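Observations on chain architecture
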Amino acid sequence: MYNYYYMNYCYNQAKKLYPAIYHDVYPYVYDYCEKYDLEQNPNMNPFPSQKKIEKIVDEIYEECTKSCLFREEEDDQECMRNRKRRYGRDIIAILLLRELMDRRRYRPQRRRRRRDYYYY
């Protein structure tokens, strides 16, 4: 069995292989989930609807465009602009759904090993 430090090292090395767009967009998705994905929030619990997901993606996309992550260059081709916008929103939607599902995943509590004390 692999030990914890080796697996943590492998995980960190794999995260470095993600594309740059992941490292740019993921903090916005994580911050949004930290603010609004609470048990007390009825819009997000147990899971948001498709319309709510699209609204969240729009909000995150607007934040990303404010910080110039998805710059829209002045092109005469409307098709290219729409394609860039669609791919940016798709990446945000994928990261958002993955983050929401990871937060709702059942993680069983690890049982503590019972120590047998021997009294001689």
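What comes next is a walk through the structure.

What counts and how
Residues numbered from 1 in each chain as written. Predicted model: local features only at pLDDT ≥ 70, side-chain atom pairs only at ≥ 80, totals over all residues. Heavy atoms only, no water. Helix = DSSP H or I, 4+ residues; strand = E, 2+ residues; numbered from the N terminus. Expected span 1.5 Å × (residues − 1). Buried < 20%, exposed > 50% of the residue type's maximum accessible area, 1.4 Å probe, protein only. Contact = heavy atoms within 4.5 Å. 1 Å grid on protein atoms, 1.4 Å probe; cavity = no way out; pocket = protein on both sides within 12 Å on 5 of 7 lines; lining within 4 Å. Points joined across faces, edges and corners; volume = space filled by probe spheres on them. Nonpolar A, V, L, I, M, F, W, Y, C, P; charged D, E, K, R; others polar. Bend = angle between axes of the 7 residues up to and from the residue. Phe/Tyr/Trp six-rings, centres within 6.5 Å; stacked < 30°, edge-to-face > 60°.

Helix length check: helix α3 (residues 50-66) (17 residues) gives 24 Å between terminal C-alpha atoms against 24 Å at 1.5 Å per residue, within 8%. Along α3, the residues that are buried comprise K52, I53, I56, V57, I60, Y61 and C64.

What follows covers the environment of E99. When you line up the elements, E99 lands in helix α4 (residues 78-104). With relative accessibility at 7%, the residue E99 sits in the buried group. Here the alpha-carbon distance between E99 and Y26, two residues 73 residues apart in the chain, equals 9.3 Å.

Here the focus is the side chain of D37. Tracing the sequence through the fold places D37 in the loop between α2 (20-36) and α3. Overall, the relative accessible area of 13% leaves D37 in the buried class. If we ignore the near neighbours within four places in the chain, the residues touching D37 are Y32, M44, L100, R103 and R104.

Approximately 150 Å³ is the volume attributed to the largest pocket. Every residue along the wall of the largest pocket is listed here: D37, L38, E39, M44, N45, R103 and R104. For the lining of the largest pocket, the per-class residue count stands at two nonpolar, one polar and four charged.

In a regular helix each residue adds 1.5 Å, so 17 residues correspond to 24 Å; α2 covers 26 Å between its end C-alpha atoms and thus fits that length. Of all the bends in α2, the largest measures some 30 degrees and sits at Y26, one to four residues before the proline P27.

Take the packing of aromatic side chains next. In the structure shown here, the tally under the stated rule is four aromatic pairs. When the ring of Y18 is compared with that of Y22, the centres are 4.3 Å apart and the planes differ by 55 degrees; the resulting orientation is tilted. Judged by relative accessible area, Y18 falls into the partly exposed class, the value being 34%. Accessibility expressed as a relative area gives 8% for Y22, which makes it buried. A ring pair is formed by Y32 and Y36, whose centres lie 4.6 Å apart and whose planes are at 45 degrees; its orientation type is tilted. Of this pair, Y32 and Y36 both sit in helix α2, separated by four residues, roughly a single helical turn. Judged by relative accessible area, which is 7%, Y32 ranks as buried.

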